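Structural overview
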Amino acid sequence: MAHPTVFAPESPELADRPRRIVVRRTRADHVFRWTTRGVAMLVLALLAAIGGYLLYQGSGALDRAGWGFLTEDAWEPKGGTFGVRGLLTGTVLVAIVALIVAVPIALTAALYITEFAPRRLRGVLTSIVDLMAAVPSIIYGIFGFFVLQPQLIPVSRWLATNFDFLPIFEIRTIDVKARFVDSQFSSSLFISGVVVSTMVIPICCAVSREVFGQAPVGEKEGALALGATRWGVIRAVVLPFGRGGMIGGVMLGLGRALGETIAVAMIISFNTDFSFRVLDGQGSTISSLIVLKYGEADTESISALMAAGLALFVLTLAVNTVAGVLVARSRSGKSTEI
Amino acid sequence: MTVTEPIVRPGPDAPPPASAPRPPEQARVALRRVAPDDIGVALGAMVAGASFAWVLYGRILPVAGWQGYLITAYLSFLLLYAIATHMRLDRVAAGDRVAGAVISTGAALMVGTVATVIGYVFVKGFGRILNTDFFTATQRHFSALSPHGVSVGAAHAIVGTFEQMGIAILLSVPLGVIAAIYMNEVGGRFAAVVRVVVEAMTAIPSVVAGLFVYAFFVISLGQGFCGLAAGLALSVEMMPVVCRATEVVLRLVPNGLREASLALGAGEFRTLWNVVLPTARSGLVTAVILGCARVVGETAPVLLVAGGGAGMNWDPFSGVQTSLPYFIWVNYKSPSDELNSLAWGASVTLLLIVLVLFSLARLIGGRGPGESRRRTRRRAGASAKSLTPEPTS
């Protein structure tokens with residue numbers, strides 16, 4: 001970053017002071033400064049306009065719904081009763097399932113890349129992580145629908161029959177004893193969460209890999225010299241050093257999972273009821289609501305959808321901000337010097 | 001304590017004492033190498049675990065399904081591996097080996113997931129895109145009840161994808177790159193505000209960006225569904241990505257280069273144009289390409305603002321226009337086998353576009369900032385040689 005103007009401190013007792021530097025910018029530089037500043041202002045104005053428009057449109061709906069917006073389950077904007085309680089629970093449950101599946105895989109893969117893989121394999125694996133992040137979510141959705149879902153139905157059924165004492169695995173709408181019960185386990189929040197986890201893995205893995213790779217070499221070698229095994233080095237040096245970045249990576253993954261739209265909309269059987277039962281073959285998230293209901297083009301419905309979108313935006317913004325702070329704190333060195 | 005004897009240091013010119021024997025070359029300890037007996041124990045534990053789970057599963061417990069078998073086999077492998085290493089070495093080594101096995105499993109699972117997704121899509125859809133109808137025909141004359149032999153393809157979706165992506169690139173790349181230049185090269189208090197807002201905008205879920213364009217552009221302004229609206233929604237999504245990536249790249253340009261240029265009397269704009277941007281060129285291209293790869297597969301914005309349409313629409317400024325992700329979304333559950341296989345073909349095409357963009361980004365962005373191509377280096381070397389006088393013999 002260029003800060004060409006330097007003012008010398010006024011200190012009369014010093015005999016030789018650094019001379020005062022006067023910066024005279026050329027016309028090209030002035031044009032350059034004002035052009036970039038103008039474009040930056042334009043970007044800022046655009047982005048602020050989007051936020052302001054969402055807020056303005058959504059506030060009408062929020063006024064009509066009042067506090068009921070947070071406690072109501074049904075979504076009938078024309079009747080005036082709509083709320084995000086069921087939708088928010090669904091969104092959060094999908095994200096939690098996705099994190100439970102994704103985080104162990106992502107963290108162990110990141111550790112493998114930084115601590116175990118041979119040098120040549122390291123580059124290949126890093127590319128694979130980046131490629132996994134670049135695959136569109138509709139591809140993961142179609143894969144999840146045709147491949148993962150049939151394999152996850154027996155798992156759902158096993159969880160439902162053996163762990164139904166846990167409220168989260170309870171089932172109400174399905175009779176387990178019925179014949180052909182398997183197909184009723186499809187389209188659940190659990191299956192959506194597992195599909196979303198394939199999109200969380202690369203984000204979480206990339207951030208943690210970067211942080212693990214910055215663990216101080218001296219301390220790692222010190223631990224090895226004291227007789228630590230590789231796992232000892234990881235436990236004593238790499239994990240404590242990378243804790244902040246690891247949590248930040250997990251939260252970035254959470255932000256992605258909360259906003260994921262199309263893969264969830266492909267899997268889920270839409271129902272806005274408030275429930276914590278992830279296996280029950282139905283559910284809803286805010287983003288799938290928007291995709292499935294935008295066609296009702298009267299102003300009240302649109303404004304209600306805006307309010308729901310605003311709630312989702314606030315949620316992901318909060319999560320991403322905390323994640324950004326955590327990751328930035330664990331990174332060292334703002335710029336490169338030579 | 002006082003030093004009684006002065007320390008005599010051999011001068012820099014002094015030859016090394018001949019009498020001192022050279023210490024023997026120490027072989028470096030290869031930390032990442034796995035000992036052969038370790039591999040043997042691991043293989044043994046694997047076979048034993050699989051067999052144990054088979055006995056448990058097939059003979060004793062009344063359960064079935066390969067998912068449960070795999071988990072049981074894996075857990076018994078870990079247990080047997082730990083026991084075997086504990087007997088052979090000690091507790092610490094056992095913990096180390098088990099942790100190594102778990103960590104390697106995580107990496108294998110991740111690679112396996114990517115390979116399965118890409119492999120499955122290619123197996124299902126590659127045959128379809130070998131049929132040239134896929135790239136030349138549209139869905140216009142096709143319905144689920146059409147007789148066999150009607151040519152049907154995804155040409156309209158491919159055209160839509162490229163036009164919408166082009167609009168998004170035209171809108172978002174100049175804005176994003178210049179905003180990043182402002183934040184990093186000009187700076188100031190206002191730059192921090194822009195940075196915070198751009199950071200916040202990356203949190204906008206694509207569906208909310210689509211909803212904004214739908215409510216503002218399509219409905220309030222009355223423009224109706226069109227490709228331009230989809231491009232706008234995509235650029236809302238793409239601009240923060242390009243801006244942040246560009247800022248990271250510009251930050252990697254060493255400050256010493258900027259200072260050297262300023263010290264030579266160049267102005268700020270000249271420094272940017274002749275030093276900073278050329279140094280960061282490969283990174284800039286990578287940032288743009290990765291931004292494209294990110295938005296090319298976005299379905300929700302197109303779904304909300306560009307509608308569908310079965311026929312070809314070259315004009316992005318009016319009328320519904322589809323795109324590849326939207327095409328997949330409409331057809332993947334279709335009752336018609338023909339449309340189903342088209343959805344798979346579209347998936348392969350989309351994946352191919354992403355793979356090409358990704359490989360391009362790797363090829364161009366493989367070098368660090370300031371590292372030149374081999375050809376450029378050779379040319380620089382040749383010109384340097386022509387400047388130095390020929391050594392006379």
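Residues numbered from 1 in each chain as written. Chains lettered and ligands numbered in written order. Predicted model: local features only at pLDDT ≥ 70, side-chain atom pairs only at ≥ 80, totals over all residues. Heavy atoms only, no water.

Observations concerning the overall build of chain B
Across its full length, chain B holds 15 helices and zero strands. Taking all 393 residues of chain B together, 46% fall into the buried category. Considering only contacts in chain B between residues 6 or more positions apart, those separated by 24 or more positions represent 69%. Taken as a whole, chain B presents about 21000 Å² of accessible surface, with 66% of it coming from carbon and sulfur. (Helix = DSSP H or I, 4+ residues; strand = E, 2+ residues; numbered from the N terminus. Buried < 20%, exposed > 50% of the residue type's maximum accessible area, 1.4 Å probe, protein only. Contact = heavy atoms within 4.5 Å. Areas by Shrake-Rupley, 256 points an atom, 1.4 Å probe, with all protein chains shown as cover.)

Observations concerning the UniProt feature "transmembrane region" (unreviewed entry) in chain A
Residue and element names in this part refer to chain A. In the UniProt entry, the feature "transmembrane region" (unreviewed entry) is given for residues 34–56, 87–112, 124–148, 189–207, 250–270 and 302–328. Along residues 34–56, the helical share is 100% and the strand share 0%, with 31 Å between the first and last C-alpha atoms. In this annotation, residues 302–328 is assigned 100% helix and 0% strand; the end-to-end C-alpha distance for the span is 37 Å. (UniProt positions renumbered as here; feature names shortened; annotations may be inferred.)

Re the interface of chain A and chain B
Listed by partner, the interface residues are 84 residues for chain A and 87 residues for chain B. Summing both partners gives a buried area of about 8100 Å² for chain A against chain B, and 77% of it is carried by carbon and sulfur. In this structure, the connection of chain A to chain B is made through three salt bridges. Looking at the side of chain A that touches chain B element by element, the count peaks at 17 residues for helix 1 (residues 27–65) of chain A. For the side of chain A that touches chain B, the class distribution of residues is 59 nonpolar, 15 polar and ten charged. (Buried area = accessible area lost by both parts, 1.4 Å probe. Salt bridge = Lys/Arg side-chain N within 4 Å of Asp/Glu carboxyl O. Nonpolar A, V, L, I, M, F, W, Y, C, P; charged D, E, K, R; others polar.)

Regarding the packing of helix 3 (residues 85–116) of chain A against helix 8 (residues 230–241) of chain A
Residues and elements named next belong to chain A. Contact geometry of helix 3 with helix 8 gives a least axis separation of 12 Å together with a crossing angle of 110°. Accordingly, the angle class assigned to the pair helix 3 and helix 8 is roughly perpendicular. Contacts between helix 3 and helix 8 involve Leu 111, Glu 115 and Phe 116 from the first element and Arg 230, Ile 234, Val 238 and Leu 239 from the second. (Axes fitted to C-alpha atoms, helices over the stretch in contact; angles between N-to-C directions. Parallel < 35°, antiparallel > 145°, perpendicular 65-115°, else oblique.)

Here's the deal with the pattern of salt bridges
Tallied over the full model, the rule gives 17 salt bridges over all chains. Residue Lys220(A) pairs with Glu115(A) through a salt bridge whose shortest N-O separation is 3.4 Å. Placement of Lys220(A) in helix 7 (residues 217–225) and of Glu115(A) in helix 3 is noted, with a sequence separation of 105 residues between them. Between Arg195(B) and Glu247(B) there is a salt bridge, with the nearest N and O atoms lying 2.8 Å from each other. With Arg195(B) in helix 6 (residues 189–201) and Glu247(B) in helix 8 (residues 227–252), the pair connects residues that are 52 residues apart, well separated along the chain. For Arg195(B), a relative accessible area of 25% puts it in the partly exposed group. Residue Glu247(B) is classed as buried on the basis of its relative accessible area, which comes to 6%.

Focus on the UniProt feature "transmembrane region" (unreviewed entry) in chain B
All names here are of chain B. UniProt feature "transmembrane region" (unreviewed entry): in the numbering of this structure it lies at residues 39–60, 66–86, 98–123, 165–184, 196–219 and 342–365. With 100% helix and 0% strand, the stretch residues 66–86 has end C-alpha atoms that lie 30 Å from each other. End C-alpha atoms of residues 196–219 are separated by 30 Å, and the span's content is 83% helix alongside 0% strand.

Structural notes on the packing of helix 7 (residues 206–220) of chain B against helix 8 of chain B
Residues and elements named next belong to chain B. Remark: helix 7 packs on helix 8, axes separated minimally by 9 Å, with the N-to-C direction vectors making an angle of 140°. Accordingly, the angle class assigned to the pair helix 7 and helix 8 is oblique. Of the two possible hands of crossing, helix 7 and helix 8 adopt the one that is right-handed. From helix 7, Ser 206, Ala 209, Gly 210, Val 213, Phe 217 and Val 218 reach across to helix 8, where they touch Leu 228, Ala 229, Leu 232, Ala 233, Val 236 and Glu 237. Looking at the contact of helix 7 with helix 8 residue by residue, the classes come out as nine nonpolar, two polar and one charged. (Left-handed = near helix turned anticlockwise from the far one by under 90°.)

Focus: the layout of surface pockets
Over the atoms rolls a probe the size of a water molecule, and its path tells where empty space is left. A volume near 1800 Å³ is recorded for the second largest pocket. In this structure, the second largest pocket is lined by 46 residues; those nearest its centre are Leu152(A), Val155(A), Gln67(B), Ile71(B) and Leu109(B). Elements that contribute at least two residues to the lining of the second largest pocket include exactly helix 3, helix 5 (137–162) and helix 6 (189–213) of chain A together with helix 1 (36–60), helix 2 (66–88) and helix 3 (91–130) of chain B. The element best represented in the lining of the second largest pocket is helix 2 of chain B, accounting for twelve residues. Looking at the lining of the second largest pocket, its residues break down into 32 nonpolar, 14 polar and no charged. (1 Å grid on protein atoms, 1.4 Å probe; cavity = no way out; pocket = protein on both sides within 12 Å on 5 of 7 lines; lining within 4 Å. Points joined across faces, edges and corners; volume = space filled by probe spheres on them.)

Things to note about the nonpolar core
Of all hydrophobic cores here, the largest spans 192 residues; its most connected members are Trp75(A), Phe190(A), Met110(B) and Trp329(B). In terms of residue count, the dominant contributor to this core is helix 3 of chain A (18 residues). For Phe190(A), the residues in contact, after removing those within four places along its chain, are Val97(A), Leu152(A), Val155(A), Ser156(A), Leu159(A), Val278(A) and Leu279(A). Membership of the second largest hydrophobic core comes to eight residues, among which are Ala45(B), Phe77(B), Val98(B) and Ala101(B). (Core = buried A, V, L, I, M, F, W, Y, C linked by side-chain atoms within 4.5 Å.)

What about the confidence of the model for chain A?
Mean pLDDT over chain A stands at 84; residues scoring 70 or higher make up 91%. Under a pLDDT of 50 for its full length, residues 332–338 of chain A has, in the predicted model, 13 contacts with residues more than four places off or in other chains. (pLDDT = per-residue confidence, 0-100.)

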